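Examination of the molecular architecture
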Amino acid sequence: MIKNILWDFDGVILDSMVVRDTGFEEIFKDYPEEKINELLKFHRINGGLSRYVKIRHFYETVLEQPITDQKVLEYANSFSRIMLSKLADSSLLIKQSTNFIKSNFKNYNFHIVSGSDNDELNVLSRQLDIADYFISIHGSPTPKKELVRNLMGVHNYDKEKTCLIGDSINDYEAASDAGISFLAFNNDSLDRYTNLSILDDRLKSLVYK
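Residues numbered from 1 in each chain as written. Predicted model: local features only at pLDDT ≥ 70, side-chain atom pairs only at ≥ 80, totals over all residues. Heavy atoms only, no water.

Below, the discussion takes up the overall build of the protein chain. Looking only at helices and strands, one finds 9 helices and 5 strands in the protein chain. Across the protein chain, helices and strands are ordered from the amino to the carboxyl terminus as β-α-α-α-α-α-β-α-β-α-β-α-β-α. For the protein chain, whose C-alpha radius of gyration is 17 Å, the value lies close to the compact-globule estimate of 17 Å for 209 residues. Each principal axis of the C-alpha atoms in the protein chain carries an extent, and together these give about 50 × 30 × 30 Å. Across the protein chain, the fraction of contacts at a sequence separation of at least 24, relative to all contacts at a separation of at least 6, is 65%. Of the roughly 10200 Å² that the protein chain leaves accessible, carbon and sulfur atoms contribute 46%. Separation between the mean location of the 25 positive side-chain charges and that of the 31 negative ones in the protein chain comes to 4 Å. (Helix = DSSP H or I, 4+ residues; strand = E, 2+ residues; numbered from the N terminus. Rg over C-alpha atoms; globule rule 2.2 N^0.38 Å. Contact = heavy atoms within 4.5 Å. Areas by Shrake-Rupley, 256 points an atom, 1.4 Å probe, with all protein chains shown as cover. Lys, Arg positive; Asp, Glu negative; His and termini not counted. Charge placed at Lys NZ, Arg CZ, Asp CG, Glu CD.)

So, in structure tokens, the structure goes:
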């Protein structure tokens, strides 16, 4: 049975995707609306990817323009300032998952692995009073696949007793890459990837509500 749970953040713990839409709209407000909409579509499909990847995608794929690492960082910092001002709102916490976390943090080893910026993620978790429920909290710019692999190695977790709960295809790919189970949350299109055989009664209550 599962003993270690790695949690995605956006869309799983915090209902933040719409707010993050506004962040991209704001930092790229000087560009055509149709181009921004292309980015938002990519952003929504790839919730688990970092803003660094999405900013570079906007320039190199949508605008077909080069962008320097320094400019990516400037946009990412601007995005983070906007997010910190808007996301430290407890009403955005997803009750289904946060109630489970608060009730079960002594029954499992909880970690956050997110595409959100690492520093921003840690600040938000403290401001939302959820940081103490997690052994560790990790975010970008380190890719999620690498975060998961590193965490598994540092804690020497048994793959068969570890799962990742996420809402995007990138979360499933990170779990698959690390050889651990995946539980889809808040995204019916990913249910086929959920390993139902590892669900105990507590996890069933989370997945099937």
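Right, let's talk about the nonpolar core for a bit. Formed by 51 residues in total, the largest nonpolar core has its most connected members in Ile 5, Trp 7, Ile 13, Phe 28, Ile 165 and Leu 203. Beyond its immediate stretch of four places on either side in the chain, Ile 5 contacts Phe 100, Tyr 108, Asn 109, Phe 110, His 111, Cys 163, Ile 165 and Leu 203. Membership of the second largest hydrophobic core comes to 15 residues, among which are Leu 6, Val 113, Leu 147 and Leu 151. (Core = buried A, V, L, I, M, F, W, Y, C linked by side-chain atoms within 4.5 Å. Buried < 20%, exposed > 50% of the residue type's maximum accessible area, 1.4 Å probe, protein only.)

What follows is about the pattern of salt bridges. Per the counting criterion, the structure on display carries 11 salt bridges. Through salt bridges with shared partners, a single network forms among Asp 10, Arg 20, Arg 51 and Glu 120. (Salt bridge = Lys/Arg side-chain N within 4 Å of Asp/Glu carboxyl O.)

Turning to unusual backbone geometry, a few remarks are in order. Cis geometry marks the peptide bond from Ser 140 to Pro 141, where omega comes out at 20°. At Asp 129, a position not held by glycine, the phi torsion is positive, near 60°.

Spatially, 5 strands are ordered S3-S2-S1-S4-S5 in an open sheet, and the strand pairing comes out parallel. For this open sheet the edge positions go to strand S3 (136-140) and strand S5 (181-184), each flanked by a neighbour on one side alone. Each neighbouring strand pair of the sheet contributes to a mean axis angle of 25°, computed without reference to strand direction. Pairing between strand S1 (residues 4-7) and strand S4 (residues 162-166): 4 bridges, direction parallel. Paired with Ile 5 across the bridge in S4 is Cys 163. Against the sheet, helix H7 (residues 144-155) makes contact with S1, strand S2 (109-117), S3 and S4, and its axis sits at roughly 155° relative to S2, the strand it touches most. (Pairing = 2+ DSSP bridges. Axes fitted to C-alpha atoms, helices over the stretch in contact; angles between N-to-C directions.)

The full count for this structure, using the stated rule, is 18 aromatic pairs. Here the aromatic rings of Tyr 59 and Tyr 75 are separated by 5.9 Å at their centres, their planes lie at 45°, and the arrangement is tilted. With a gap of 16 residues between them, Tyr 59 in helix H3 (residues 51-63) and Tyr 75 in helix H4 (residues 69-86) connect regions that are remote in the sequence. For the ring pair Phe 105 and Tyr 133, a centre distance of 5.0 Å and an interplane angle of 70° mean the geometry is edge-to-face. On the criterion of sequence distance, the pair formed by Phe 105 in the loop between helix H5 (95-104) and S2 and Tyr 133 in the loop between helix H6 (118-127) and S3 is long-range, its members being 28 residues apart. The exposure class of Phe 105 is partly exposed, given its relative accessible area of 31%. A connected cluster of aromatic rings, assembled from ring pairs, spans Trp 7, Phe 100, Tyr 108, Phe 110 and Phe 134. Taking the ring centre of Tyr 75 as reference, the NZ or CZ of Lys 71 above it sits at 5.2 Å. (Phe/Tyr/Trp six-rings, centres within 6.5 Å; stacked < 30°, edge-to-face > 60°. Lys NZ or Arg CZ within 6 Å of the ring centre and 35° of its normal.)

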